[in-house]
Amino acid sequence: MSDPRLTLGILVSGRGSNLAAIVEAIADGALPARVGVVLSSKKDAQALQKAGDAPTYFVDPAGYADRAEYDGALVNLLKAHGVDLVVLAGYMRWVTPTLIEPYRGRIINIHPSLLPAFPGLRAQRQALEHGAKITGCTVHFVDEKMDDGPIIAQTAVPILEGDTEALLSDRILHEEHRLLLSAIGHVAAGRLPLDGRIVSVGGVS
Ligand code: GRF
């Protein structure tokens, strides 16, 4: 009999702390989902060691002519593993319509700032250098523009006197894990209706 739980496909490139938080929450019975597959764009990503029992693949960008062809290979793997929801968790590549189209409204990303402020790389450092007093993290649906899709939920994190990029990143990361788990929980519960850019969470957060 097939597993009725929401099946996650997690895309990673690095450390994998968000992946580890997902795997742990599932093991604790706190998240009604399963990790169907973990796909990494980096051969030596620490995340590949944090997938629990889930199958992992390193998909080498060097083996594909362009980003669209690469994303086509990811889609084949996601489909082969019955993925319902794609989670970008520290995934460091720009995704193309080849990946977005088949998973529109079913692909989410976690970003370490309050979007639309500080999109792109090193968002924590951008916030510090800008002199912002509050930053945070955002979980959003992925569309064709980078760090731009409909916002699902956000958590604010104050910037403190004497903060460094490392200290601030640690405090944001703690909130990222909570926010991402909460968003996946909403999807698993069939919430998160989307109307244009507006995502409702039915009063639940
Ligand atoms: C997180 O800060 C995430 O927001 C960003 O990349 C980092 C990944 O961390 N997109 P990890 O690999 O989940 O530990």
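1. So, the overall build of the chain
Within the chain, the regular secondary structure consists of 5 helices and 9 strands. Ordered by position from N to C terminus, the α and β elements of the chain give β-α-β-β-α-β-α-β-α-β-β-α-β-β. Its C-alpha atoms give the chain a radius of gyration of 16 Å, within 12% of the compact-globule value 17 Å for 205 residues. Dimensions of the chain, computed from C-alpha atoms along their principal axes, come out at roughly 55 × 40 × 35 Å. Split into buried and exposed, the 205 residues of the chain put 47% on the buried side. Within the structure as shown, the chain displays about 10,200 Å² of accessible surface, and the carbon and sulfur contribution to it stands at 53%. With 19 positive and 23 negative side-chain charges, the chain shows a spacing of 0 Å between the two charge centroids.

2. Some thoughts on the nonpolar core
Counting residues in hydrophobic clusters, the biggest one holds 38 residues, and the most contacted among them are Leu8, Ile10, Ile22, Val87, Ile108 and Ile184. Ranked by residues supplied to this core, first place goes to helix H5 (residues 165-188) with 6 residues. Contact partners of Val87, with chain neighbours within four places excluded, come to Leu8, Gly9, Ile10, Leu11, Ile22, Ile108, Leu180 and Ile184. Counting 20 residues, the second-largest nonpolar core is a separate cluster that includes Val75, Val83, Val86 and Tyr91.

3. Focus: the packing of helix H1 (residues 17-27) against H5
Viewed as axis vectors pointing N to C, H1 and H5 meet at an angle of 50°, and their least axial separation amounts to 10 Å. Taken together, the axis directions place H1 and H5 in an arrangement best described as oblique. As for the relative orientation of H1 and H5, their crossing is right-handed in sense. Along its contact with H1, which presents Ser17, Asn18, Ala21, Ile22 and Ala25, the element H5 presents Leu173, Glu176, His177, Leu180, Leu181 and Ile184. In terms of residue class, the contact of H1 with H5 is built from 7 nonpolar, 3 polar and 1 charged.

4. Section: the sheet that holds strand E3 (residues 56-58)
The mixed open sheet is built from 7 strands, whose spatial order is E3-E2-E1-E4-E5-E6-E7. Both edges of this open sheet fall to E3 and strand E7 (151-158), since each of them pairs with a single strand only. Averaged over all pairs of adjacent strands, the angle between strand axes in this sheet comes to 20°, irrespective of strand direction. Here strand E2 (residues 33-40) runs beside E3; their pairing, made up of 3 bridges, is parallel. Within the sheet, the bridge partner assigned to Leu39 lies in E3 and is Tyr57.

Conventions adopted
- Residues numbered from 1 in each chain as written.
- Predicted model: local features only at pLDDT ≥ 70, side-chain atom pairs only at ≥ 80, totals over all residues.
- Heavy atoms only, no water.
- Helix = DSSP H or I, 4+ residues; strand = E, 2+ residues; numbered from the N terminus.
- Rg over C-alpha atoms; globule rule 2.2 N^0.38 Å.
- Buried < 20%, exposed > 50% of the residue type's maximum accessible area, 1.4 Å probe, protein only.
- Areas by Shrake-Rupley, 256 points an atom, 1.4 Å probe, with all protein chains shown as cover.
- Lys, Arg positive; Asp, Glu negative; His and termini not counted.
- Charge placed at Lys NZ, Arg CZ, Asp CG, Glu CD.
- Core = buried A, V, L, I, M, F, W, Y, C linked by side-chain atoms within 4.5 Å.
- Contact = heavy atoms within 4.5 Å.
- Axes fitted to C-alpha atoms, helices over the stretch in contact; angles between N-to-C directions.
- Parallel < 35°, antiparallel > 145°, perpendicular 65-115°, else oblique.
- Left-handed = near helix turned anticlockwise from the far one by under 90°.
- Nonpolar A, V, L, I, M, F, W, Y, C, P; charged D, E, K, R; others polar.
- Pairing = 2+ DSSP bridges.

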